[in-house]
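Read off the chains here:
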Amino acid sequence: MNERKGTITRRMESAFYGLQQEFRALCSAEDFEQKLAALGSASASERPSRLRNLFDLLELCGIPYEMGKDNAYYERLVHQAHLLSFSEVEDRMLYTLYAHFQDYPSPEEYMTRIVDRLASTKDPWGSDTLRLRILKQFIRYGDCLTYQRDWVDETGAVKQKKVTLYGGEAYLKKYLREKTKAAVKNLDQHLEEIGDDVFDVLKEATKAQKKPSGPYGLLKIVDDLASGQFRTGGGTKKSLYLFAIVYGMTYDSGRDGSVIDYSTDIEKNLFCDYYTNNLMRFLTQAYQQKSCEFEQDPSGQGINYKNYAEMIYLYYLTQDLSPQEKIKGASEMIAAMPDIQRQRREQGEQSIEPGEPGTAFYRKKFKHSAQEGLFSEDILSLPEEGFVRFLCENYRCGLEDGENALGELQLESEQRSAFHAYEEILTKLIPQLKKAAGQAVEPGYDFSSLSEEEKRAQRDSWLSKCNYGLWFTDVAAFRKENYGQKRQELYRKLQEMCQKEERPYSGELVDSFITLLFALNRFMGRAAEEKESTQTKEQEWTETSRAKTKALYVSSARDVTRTSMIVAYYYYYNAFHEQDGRERWKSFDEVFRSFSEGVNRYLERAYYQPLSGRNILDVLIVFSAYAYIHDLMF
Amino acid sequence: MVIQLSRAGTHHQEQGEENQDAVCSGSAKGICVISLADGVSACGEARCGAEIASRAITDLLLKKSGYFLTFDQDKIARFALDHILWELSRRAKEEQKAVEDYSSTVTSVLVDRKSRKMLCFNLGDSMVLAVGNGVCRVAAMPSDSREGCCVTTTKHAASLASVRLLDSGGVESVILCSDGAWRQMFDKNRLKPEVASLLTHHEYQRLKEFLTGQDCFDDYSFIALDLRQRKGRRTA
């Protein structure tokens, strides 16, 4: 194994796993007491497994022990060890989060890694800024995202017309002309002369100029890709596919003798790592300033297998063609498909009926359908004509009435499997909330005796109780003026811990950390920012907050996201453990595992990524659940 | 029949260092096991670690094949890795070194001809290919090594290992390849047509020639188990 790749041995753990491991080792005295109590009450047959649980905890905390001793030995061992109380664990956890949050890569860092890995060493722009490297790649390998289209004029002569996917070529030529004082015919020959100042025009550019067809459209998508700014309206997805083409990325079609090449795979690199709800992007200036322009919560769905345009991009991505040919082929086919399908339908050929079927059907058909006689490789290796026929017969390629505003990548963006799974979590959550309120819950509780409207109203009323957000720290309070002291206390605590551990401390870093917590709380709890209250203390305590958690009110399959599903499960998990005391004494490690097992059942059904210690959003939500179920005891 | 190749890549050759991959095989009572381990170059005793790991898993699978073909996958991974780690720790203790110095990936395949079952165990970025009916399939994918590869001394390695129990009916040969080898055999994510042809025709000698003819930076190894029945009548 090549040493340059590095490994995750016990000594050489990567930053991704570091936080998860540190969390696992944070066990409170109460965690140990529970294990000892369980050991004390164990029968002879139960003793080995109860001992194993205790040993696991001792190992996590680095406490040396001997096997085969009596209970008194283990009790002594635990009581002699310096163990943290739960509130100390909470402080420690907050500190650990603070100390490690910067280790989590931002989308920009993910993009840098992808570009570093995929760029050719022959291209001389390796030391340029990230956005400049991407721009030069688009110019050299994507012909500035333009291509020549053949057309036949009235005389029957074949002519060529230049098609521009993103405007920018004219501006780049002008920029070079001014810089070199010479005429520029071919941009590719002047790449070395393009500097990062080429992007300066974006600062003053109007919205229209930054549109794809505007003069700075190319610069804008490059800048967005480099800085991890996800645009609303499907714009990001299109640029990701074009990026994948110019960087020669691969797609695992599952054919015989093919593997997932993790370093070039589009799904793993762009859709799993980069284009997800990565909280770290909320620390970027762009997201802090203009939040409405950007996508707040990418669905996490990855490739939409029932969208014809995405299938066309995948088809061309896997062909043995040059990047320019792939871009041309994909763009031409995407543009032509609605007309082709309409014509075929008019000629009475078989075609898909609108509205059916769902993503799962296509995903199965495309990725795992060897038993059905159709394999993704069979589809991807079809000649163009055959692939067009396949799309006509299986995909909806045009817009329905009233869909004019949608781009081709927004077609069929409903995630029905995900929405069903999400709804199922909410259906399980409400009886738990009812129980917590001391109300009787009939078996199979589903509001079946009520009208649709009443059901909705009842459900909304119960869900409105789930708005407490993050449990381990009152994030909203940090913004209230009269809670300034509380904020100062956090700064002081973190400073003390940093000094103790000889870690660098900076107030700015704490500010960023709090911003991150705010970003998460926005998904998990009250959507509205809290203001200083004018009520008396008594009024504050008695009046229930009416603010709602947005993630619990997803009303359509188009809007469901991985985050909303995890947040819904978070409230279910907490409500369930309010009723069931058995889980209350679990260590963080055990809570992480149990939460993962539970939520992954839904995430997998929705084809979302499973819960991961690599994702700071996931880690923070599970820690909040851990804090919630432990707090119930005090 | 077992065919194997294990060579140092240009990096180690230039440094005057030995090949840090190890391959190993064994058979008993209709059970065949082939194993491959790829030592971590950054670790001082990588070669020794790879040898221990490949030998340990081969012996374990041969000795406990009956259990392994019935255990659930989690148990197999835990059992196998505990055993390897125990062997590595024993050597580390003897040599007064850290067990992490003996880190390697480990891949192993057990084939039971009688029950026609095949067990694939894979920890790390090596690969298992299975050839049958003129088709070459990936039986065990290499793991994601973008953020570092999981090895025998990785914490919670058992949860990162892949264990698959397959039907060996129709499988004519099984090939384990280290990442140094399969990266030469693949063009990005696709098996090179010339290599696919060699594999489907079971031309392992020519596969050796192909690999040794490449300018391979990393150490490269493969071990192939040819399961085809020899033709011809037995005579007294």
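Residues numbered from 1 in each chain as written. Chains lettered and ligands numbered in written order. Predicted model: local features only at pLDDT ≥ 70, side-chain atom pairs only at ≥ 80, totals over all residues. Heavy atoms only, no water.

Enquirer: Break down the overall build of chain B for me, with residues and values.
Expert: A tally of regular secondary structure across chain B gives eight helices and twelve strands. For 236 residues, the compact-globule estimate of 2.2 N^0.38 gives 18 Å, and the C-alpha radius of gyration of chain B, at 17 Å, lies within 12% of that figure. C-alpha extents for chain B along the principal axes are approximately 55 × 40 × 35 Å. Intrachain contacts of chain B at a sequence separation of at least 6 include 70% that bridge at least 24 residues. Surface accessibility of chain B: about 10,500 Å² in total, with carbon and sulfur atoms responsible for 45%. (Helix = DSSP H or I, 4+ residues; strand = E, 2+ residues; numbered from the N terminus. Rg over C-alpha atoms; globule rule 2.2 N^0.38 Å. Contact = heavy atoms within 4.5 Å. Areas by Shrake-Rupley, 256 points an atom, 1.4 Å probe, with all protein chains shown as cover.)

Enquirer: Explain the side chain of Ser331(A) residue by residue, including any values.
Expert: Residues and elements named next belong to chain A. Assignment of secondary structure puts Ser331 in helix H16 (residues 323–346). Classification of Ser331 as buried rests on a relative accessible area of 10%. Discounting chain neighbours no more than four positions away, the residues touching Ser331 are Tyr147 and Leu165. (Buried < 20%, exposed > 50% of the residue type's maximum accessible area, 1.4 Å probe, protein only.)

Enquirer: Residue-level account of the packing of aromatic side chains, with values.
Expert: Residues and elements named next belong to chain A. Applying the stated rule across the entire model yields 33 aromatic pairs over all chains. Relative to Tyr247, the ring of Phe243 lies with its centre 4.5 Å away and its plane at 40 degrees, an arrangement referred to as tilted. An identical accessibility class is assigned to Phe243 and Tyr247; each is buried. Between the aromatic rings of Tyr569 and Phe595, the centroid separation amounts to 5.1 Å while the plane-to-plane angle is 90 degrees, which identifies the pairing as edge-to-face. One end of the pair, Tyr569, is in helix H25 (residues 562–579); the other, Phe595, is in helix H26 (residues 588–605), with 26 residues separating them in the sequence. Comparing Tyr569 with Phe595, the two get one shared label, buried. Through successive ring pairs, a cluster of aromatic residues spans Phe230, Tyr241, Phe271, Tyr274, Tyr275 and Tyr313. (Phe/Tyr/Trp six-rings, centres within 6.5 Å; stacked < 30°, edge-to-face > 60°.)

Enquirer: Kindly report on helix H7 (residues 193–200) of chain B, identifying the contributing residues and their values.
Expert: Residue and element names in this part refer to chain B. Restricting attention to buried positions, one finds in H7 the residues Val195, Leu198, Leu199 and Thr200. Buried-residue contacts for H7 involve strand S6 (127–132), strand S7 (135–140), strand S9 (173–177), helix H6 (179–185), strand S11 (190–191) and helix H8 (204–212). At the exit of H7 stands His202, carrying a positive phi of roughly 55 degrees.

Enquirer: Can you tell me about the pattern of salt bridges, naming the residues and giving the values?
Expert: This structure, assessed with the given rule, holds 31 salt bridges over all chains. A salt bridge links Glu310(A) to Lys237(A); its shortest N-O distance comes to 2.8 Å. One end of the pair, Glu310(A), is in helix H15 (residues 308–317); the other, Lys237(A), is in helix H12 (residues 235–246), and 73 residues separate them in sequence. Here Lys237(A) falls in the buried class, since its relative accessible area comes to 10%. Among the salt bridges present, the one from Arg206(B) reaches Glu203(B), with a minimum N-O distance of 3.0 Å. Of the residues examined, Arg206(B) reaches a relative accessible area of 46% and is grouped as partly exposed. Here Glu203(B) falls in the partly exposed class, since its relative accessible area comes to 29%. A network of salt bridges, in which partner residues are shared, links Asp123(A), Arg140(A) and Asp188(A). (Salt bridge = Lys/Arg side-chain N within 4 Å of Asp/Glu carboxyl O.)

Enquirer: Outline helix H11 (residues 217–227) of chain A, supporting the account with residue identities and numerical values.
Expert: All names here are of chain A. The buried fraction of H11 is high, at eleven of eleven residues. Turning to H11, its buried residues number three or more, namely Gly217, Leu218, Leu219, Lys220, Ile221, Val222, Asp223, Asp224, Leu225, Ala226 and Ser227. Following H11 by one or two positions, Gly228 has its phi on the positive side, about 70 degrees.

None of the figures reported here should be taken as evidence of function without further support.
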